[in-house]
Each structure stands twice: as C-alpha cells, then as structure tokens.
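In case you want the letters, here they are:
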Amino acid sequence: HVLTILGNSLVIITINASKTLKAPMYFFLSHLSFADMCYPSATIPKMIADTFVERKTISFNGCMTQLFSAHFFGGTEIFLLTAMAYDRYVAICRPLHYTTVMDRWRCGLLAGASWVAGFLHSILQTLLTVRLPFCGPNEIDNFFCDVHPLLKLACADTYVVGLTVVANSGMISLVSFIILIISYVVILLNLRSQSSEGRRKALSTCGSHIITVFLVLLPPMFMYIRPSTPLAADKLVILFNIVMPPLLNPLIYTLRNNEVKSAMRKLFRIEGRMG
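Residues numbered from 1 in each chain as written. Predicted model: local features only at pLDDT ≥ 70, side-chain atom pairs only at ≥ 80, totals over all residues. Heavy atoms only, no water.

Naming follows an unreviewed UniProt entry, where the protein appears as Olfactory receptor of Crocuta crocuta. Turning to the protein, the UniProt annotation filed under Function (unreviewed entry) states: "Putative odorant or sperm cell receptor." According to its UniProt record, the protein has this under Sequence similarities (unreviewed entry): "Belongs to the G-protein coupled receptor 1 family." (UniProt positions renumbered as here; feature names shortened; annotations may be inferred.)

The subject of this paragraph is the pattern of salt bridges. If you walk through the whole model with that rule in mind, you get three salt bridges. In this structure, the salt-bridge partner of Asp87 is Arg88, at a minimum N-O distance of 2.9 Å. Residue classification places Asp87 among the buried positions, given a relative accessible area of 1%. (Salt bridge = Lys/Arg side-chain N within 4 Å of Asp/Glu carboxyl O. Buried < 20%, exposed > 50% of the residue type's maximum accessible area, 1.4 Å probe, protein only.)

Let us now look at the state of the cysteines. Summed over the entire model, instances satisfying the criterion amount to two disulfides. A sulfur-sulfur separation of 2.1 Å characterises the disulfide bridge that pairs Cys63 with Cys145. With the S-S dihedral at roughly -125°, the linkage between Cys63 and Cys145 falls on the left-handed side. Highlighted residues: Cys63 in helix α4 (residues 60-93) and Cys145 in the loop between α6 (104-130) and α7 (147-153), separated in sequence by 82 residues. (Disulfide = S-S within 2.5 Å. Helix = DSSP H or I, 4+ residues; strand = E, 2+ residues; numbered from the N terminus.)

Another aspect to go through is α4. A rise of 1.5 Å per residue sets the reference length of α4, with its 34 residues, at 50 Å; its end C-alpha atoms lie 49 Å apart and thus fit the reference within 8%. Taking burial as the measure, the 34 residues of α4 include 24 buried ones, the bulk of the element. (Expected span 1.5 Å × (residues − 1).)

Now for the side chain of Ser173. You can see Ser173 is positioned in helix α8 (residues 159-190). In this structure Ser173 comes out as buried when scored by relative accessible area, which is 2%. Side-chain polar atoms of Ser173 contact the backbone oxygen of Ser169, separated by 3.0 Å. Contact partners of Ser173, with chain neighbours within four places excluded, come to Ile78, Leu217, Pro220 and Met221. (Polar contact = N/O pair within 3.5 Å; in protein donor to acceptor, adjacent residues only side chain to side chain. Contact = heavy atoms within 4.5 Å.)

Before going further, it helps to spend a moment on the packing of α6 against α8. Remark: α6 packs on α8, axes separated minimally by 11 Å, with the N-to-C direction vectors making an angle of 165°. One finds that α6 runs roughly antiparallel with respect to α8. Helix-helix and strand crossings are classified by hand; for α6 and α8 the assignment is left-handed. Residues His121, Leu124, Gln125 and Leu128 of α6 touch α8, and the partners they reach there are Val161, Thr164, Val165, Asn168, Ser169 and Ile172. Considering only residue class, the contact of α6 with α8 consists of five nonpolar, five polar and no charged. (Axes fitted to C-alpha atoms, helices over the stretch in contact; angles between N-to-C directions. Parallel < 35°, antiparallel > 145°, perpendicular 65-115°, else oblique. Left-handed = near helix turned anticlockwise from the far one by under 90°. Nonpolar A, V, L, I, M, F, W, Y, C, P; charged D, E, K, R; others polar.)

Given below as structure tokens:
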C-alpha cells in the first residue's frame, strides 16, 4: 500500500511539476493516479489494521463508507480509462484536429464527467444496500464490505437488488471493456498508414493503456456479471483488483513512456541541486 501511494504520488508530482507533460494524456493520467491512490485507501488500511486483532469488527456506517468509496473510485477509474482511450483515438486517427478537439475545456469536461459518473454509480449501489434489513449474525465473508457479501447477509428477498447490481456494476464494466477494445482495434488499424517511428511511439502508449484495461476491467466483470451468489474465488479476485492495478499502473505508464521518465530524471536532478 505504501508503494502504491508513493508511486502514484510521484506520477502526480512529476506531471504537475513538469513543463513538458502538458498533453491531455498526462492530464488524464494524473487523475487516474489520484483515483489509484484513493481506491485501495478506502479498504486496505482497515484490512491491515484487522491483521493485528483477533476480533475484526466494523460499524455499519464504516461498512457503507467502504462500499461507497470503493465503488466510487473504482468506477471513476474505469470512466477515466475510457476518456484516455478517446484521447488516444483523436490523437492517432484525427491528428490534424487533435488540438482543437482535445482542448483544455473538453479535457476538464471529460475528467469531471468521469468523477460524476463514478459518484452516480457508487451512490446507487450504496442506496440499494443501505436500505436492506440485516438481522444477524452480520459476519461478512470478505476482506471488506462489498455488495455480494452484504446481499448474502440481508434477511429479505435480494433478487431485484442483485439484478440492479448486475445492470449497474456488471454492465458498466462490460460496456466499457467492449468500447475500449473496439477503440484500440480502430487505433491499431489506423497505425498502418503512419511512419515506423509514429507506429512505435503510438504502440508503446496504447500498449500501456491496453494492459491497464485488462488489469482493471477483467476482475469486476468476473465479480458482477453474474447472479449475486458468492463464489470461493471472489475474495482473491477482488483483492487482486484492489491491490494490483493501482500498484502497477505507475510502473506501466512510466517504464513504457520516455517523456515521463525524462521528466522524472529532471525533477530529481532539480531537487538534488536544491538539496
């Protein structure tokens, strides 16, 4: 968790401190890194604290806060990846119109819409869950409060709520995945008409995005595009989804991007001289 916070903080600081990383792609990347910092922070600190006590408890309000925060930042991450794919599509498929289409106002609008969409997605999940009656024993068979384990505890018919979860979380993940894959297929087809240097640079950037898409979207698709019956693998899948993408994204986006690496080297040299 410490590595996740440090890695994403470094990306945000580098992008905001560098004069060369002003392209829309880096604007979205800074938002993605912030979401990647907050997403695991909604659950991991409590999980770490629970390893030091025998009786692991959480209040009802704390449980609902975990549920809301995890889906808020996780959903926002998915929508930001969609905005980043649109940015890459315009940059590669409509390069002459790129500066006009992806101006500062539109980038801010896309980023803001991603956060609003993540909030609406999460608040719907939370409102549906908070109204359920829980009769006890309220023992959650998971690392944190998520929809499926809470539906299992409810002493009421949760069929409609379960369908809503599939329609909400499941369809968001599936539709976003399909849109992202189609967009990158179109981008790759358009790369054939570019120079070898342009193809190499575009492939490097898009390759990072595609890796992140699979890391971020495959686990929630497994979790939510099915009935609300918990499976044995759910805990491992959701733990992977919370821990690994936020930890790996800074490495994926920096190790494959020469501009970011160059900006980081300059930043460290400046700080070293000031020190």
